[in-house]
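Residues per chain, in single letters:
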Amino acid sequence: MSSRKKIALIGAGQIGGTLALLAGLRGLGDVVLYDVVEGMPQGKALDLTHVGPVFGLDFNIKGTNAIEDIAGADVCIVTSGIPRKPGMSRDDLVKTNADIVRKVGEGIKKNAPKAFVIVITNPLDVMTYLMQQVTGFPAARVCGMAGVLDTARYQAHLAEDLRVSTTSVSAFVLGGHGDDMVPVRSYTSCGGIPIERMMAKEKLDAIEKRVRGSGGEVVALLKTGSAFYSPAASAILMAEAYLHDKKKLMPVAAYCNGEYGVKGIYLGVPVILGAGGVEKVIEIELSAQEKGQLEKSVSSVRSVISIL
Ligand code: A3D
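Values in this document were obtained by computation on a predicted structure and should not be read as measured data.

**Observations concerning the environment of Gly 52**
(1) Moving on: Position of Gly 52 among the secondary structure elements: in helix H3 (residues 52-55).
(2) Moving on: Taking the relative accessible area as the measure of exposure, Gly 52 reaches 1% and is therefore buried.
(3) Moving on: C-alpha of Gly 52 to C-alpha of Gly 24: the two residues are 28 residues apart in sequence and 7.8 Å apart in space.
(4) Moving on: Here Gly 52 is in contact with Leu 57 and Phe 59, once residues within four sequence places are set aside.

**Notes on the site of the ligand**
(1) Moving on: Within the structure, the ligand sits among 28 residues, and Gln 14, Ile 15, Asp 35, Ile 82 and Ile 120 are positioned closest to it.
(2) Moving on: Interatomic distance of 3.3 Å between a backbone N/O atom of Gly 81 and an oxygen atom of the ligand.
(3) Moving on: Here Ile 82 contributes a backbone N or O atom positioned 3.0 Å from an oxygen atom of the ligand.
(4) Moving on: Protein chains shield 89% of the accessible area of the ligand, which is 870 Å² for the free molecule.
(5) Moving on: Contributions of two or more residues to the shell around the ligand are made by helix H1 (14-25) and helix H4 (94-111).
(6) Moving on: For the shell around the ligand, the element with the most residues is H4, which contributes three residues.
(7) Moving on: Viewed by domain, the shell around the ligand spans two of them, domain 1 (6-145) and domain 2 (147-307), each represented by three or more residues.

**A few points about the side chain of Thr 18**
(1) Moving on: Inspection of the secondary structure assignment puts Thr 18 in helix H1.
(2) Moving on: What makes Thr 18 buried here is its relative accessible area of 12%.
(3) Moving on: Residues contacting Thr 18, with those up to four places away along its chain left out, are Phe 228, Tyr 229 and Ala 232.

**Focus on the nonpolar core**
Across soluble globular proteins, nonpolar side chains show a tendency to be buried alongside one another.
(1) Moving on: Among the nonpolar cores identified, the biggest contains 87 residues, and Ile 70 and Ile 118 are the most heavily contacted of them.
(2) Moving on: A per-element tally of this core places helix H9 (residues 229-243) first, with eight residues.
(3) Moving on: Formed jointly, this core draws a minimum of three residues from each of two domains, domain 1 (6-145) and domain 2 (147-307).
(4) Moving on: Residues in contact with Ile 118, not counting those within four places in the same chain, are Val 75, Cys 76, Ile 77, Val 78, Cys 143, Met 145, Ala 235, Met 238 and Ala 239.
(5) Moving on: Residues Met 181, Met 199, Leu 204 and Val 211 belong to the second largest nonpolar core, which totals 14 residues.

**Focus: unusual backbone geometry**
(1) Moving on: A cis amide bond links Asn 122 with the next residue in sequence, Pro 123, at an omega value of -5 degrees.
(2) Moving on: Mapped onto the secondary structure, Pro 123 falls in the loop between strand E5 (116-119) and helix H5 (124-135).
(3) Moving on: Non-glycine residue Lys 223 carries a positive phi angle of around 70 degrees.
(4) Moving on: Within the secondary structure, Lys 223 sits in the loop between helix H8 (214-222) and H9.
(5) Moving on: We note that Tyr 260 has phi near 55 degrees; this positive angle belongs to a residue other than glycine.
(6) Moving on: Residue Tyr 260 is classed as buried on the basis of its relative accessible area of 15%.

**What about the sheet that holds strand E7 (residues 169-170)?**
To summarise the sheet geometry, strands pair through backbone hydrogen bonds and adopt either a parallel or an antiparallel arrangement.
(1) Moving on: Strands sit in the order E7-E10-E11 across an open sheet of three strands; the sheet is antiparallel. The sheet is open, and its two edges are formed by E7 and strand E11 (193-194), each paired on a single side.

**Quick notes on a nonpolar patch on the surface**
(1) Moving on: Together, Leu 25, Val 54, Phe 55 and Leu 57 make up a nonpolar patch on the protein surface, roughly 370 Å² of accessible area in all.
(2) Moving on: Structurally, Phe 55 can be placed in helix H3.

**A closer look at the domain arrangement of the chain**
(1) Moving on: Partitioning the chain into structural domains gives domain 1 (6-145) and domain 2 (147-307).
(2) Moving on: Between the C-alpha centres of domain 1 and domain 2 there is a distance of 22 Å.
(3) Moving on: Contacts between the two partners involve 38 residues from domain 1, matched on the other side by 46 residues from domain 2.
(4) Moving on: A per-residue breakdown of the area domain 1 buries against domain 2 is headed by Arg 90, Asp 125 and Met 145, which together make up 20% of the total.
(5) Moving on: If you look at where domain 1 meets domain 2, you find two salt bridges.
(6) Moving on: The partner of Arg 90 in a salt bridge is Asp 179, with the nearest N and O atoms 3.4 Å apart.

**Brief notes about the packing of aromatic side chains**
Aromatic rings in a pair are described by how distant their centres are and how their planes are angled relative to each other.
(1) Moving on: Taken as a whole and assessed by the stated rule, the structure comprises four aromatic pairs.
(2) Moving on: Geometrically, the ring pair formed by Phe 172 and Tyr 187 is tilted, given 6.3 Å between the ring centres and 50 degrees between the ring planes. Of this pair, Phe 172 sits in the loop between E7 and strand E8 (173-174) while Tyr 187 sits in the loop between strand E9 (182-183) and strand E10 (189-190); the two residues are 15 residues apart in sequence, bridging distant segments of the chain.
(3) Moving on: The exposure class of Phe 172 is buried, given its relative accessible area of 15%.
(4) Moving on: Here Tyr 187 falls in the partly exposed class, since its relative accessible area comes to 33%.
(5) Moving on: Ring centres 5.7 Å apart and planes at 65 degrees place the aromatic pair Tyr 255 and Tyr 266 in the edge-to-face group. Linking Tyr 255 in strand E12 (residues 248-257) with Tyr 266 in strand E13 (residues 263-274), this pair joins segments that are 11 residues apart in sequence.
(6) Moving on: For Tyr 255, a relative accessible area of 29% translates into the label partly exposed.
(7) Moving on: We classify Tyr 266 as buried; its relative accessible area is 0%.
(8) Moving on: One Lys or Arg, Arg 141, reaches over the ring of Phe 137 and ends 4.6 Å from the middle of that ring.

The rules we used
Residues numbered from 1 in each chain as written. Predicted model: local features only at pLDDT ≥ 70, side-chain atom pairs only at ≥ 80, totals over all residues. Heavy atoms only, no water. Helix = DSSP H or I, 4+ residues; strand = E, 2+ residues; numbered from the N terminus. Buried < 20%, exposed > 50% of the residue type's maximum accessible area, 1.4 Å probe, protein only. Contact = heavy atoms within 4.5 Å. Near = heavy atom within 4 Å. Polar contact = N/O pair within 3.5 Å; in protein donor to acceptor, adjacent residues only side chain to side chain. Areas by Shrake-Rupley, 256 points an atom, 1.4 Å probe, with all protein chains shown as cover. Domains from an automatic or database assignment. Core = buried A, V, L, I, M, F, W, Y, C linked by side-chain atoms within 4.5 Å. Pairing = 2+ DSSP bridges. Patch = residues over 30% accessible without salt bridge, like charges linked within 9 Å, V, L, I, M, F, W, Y side chains within 5 Å. Salt bridge = Lys/Arg side-chain N within 4 Å of Asp/Glu carboxyl O. Buried area = accessible area lost by both parts, 1.4 Å probe. Phe/Tyr/Trp six-rings, centres within 6.5 Å; stacked < 30°, edge-to-face > 60°. Lys NZ or Arg CZ within 6 Å of the ring centre and 35° of its normal.

Right under this line is the structure:
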């Protein structure tokens, strides 16, 4: 038995390929890249195998069209599905992607019953909910990647405007991964200084508006798909927190069981991520305005679930 960890990437498209590269570069373990398109995951895996020697790393990446090859995976990261095109909302993807998530969910349940599952497929909160339903895994072992990316976008634009390092900015975004996500201003700071003391309200409003529409801004520029470098990097951070038992506090789409007054759905909330998966949902006091925004975001998620 190898003690190396096994990372299964379900979907070998733009995000899947980038995930494989990052997993190899960061030495997460052996990677299986799975997709339904014949030859494509094998081709990407072969190409990535040739990256190893360049950096003096031993990449072990296998491309496959057989879901059985994910057997025994410790982590599954799911990107299978279609991405947005200009003019589409994330919710427009629901029917097509739900069928795909149901199918791969069955494959994960059968072949990797002990895996920690990170969903990236959109509409994110709803596809994560569906994945948990299909696999029947404990909710702590199924979560979605969105908050890490939304927070990084908030950090990036605040740091850009303040002309400081992104490492000086500590930011927070809650709610569903849609245009009504909630950048939480009251918990955002720069070098420990509350952000509202560093920046005029109008400026903050404008940056938050841009963060909500960041995914769409990328889609409009690319024209053929959606963001892929930053979503992949964000999911790798989550996989590392799980594999290395980091107990890292980060916003992820997690199952809410009464927290924030929300029950029975997945929603972007701050959690502790460690070897137990989503070990704890952290509840923080929100301003009245933030609470109102969160409620709006919750109803958007619920309305998409009702389509399923
Ligand atoms: P893309 O490059 O099209 O890759 C998706 C891959 O899924 C393709 O290679 C398909 O062949 C494959 N696929 C389809 N059906 C199956 C199946 N049944 N089994 C295995 N593989 C299958 O898209 P992408 O990588 O750019 O994006 C993937 C998903 O992530 C989309 O739904 C995007 O909307 C979503 N996304 C989410 C975020 C978040 O922040 C949550 C950001 C960006 C993209």
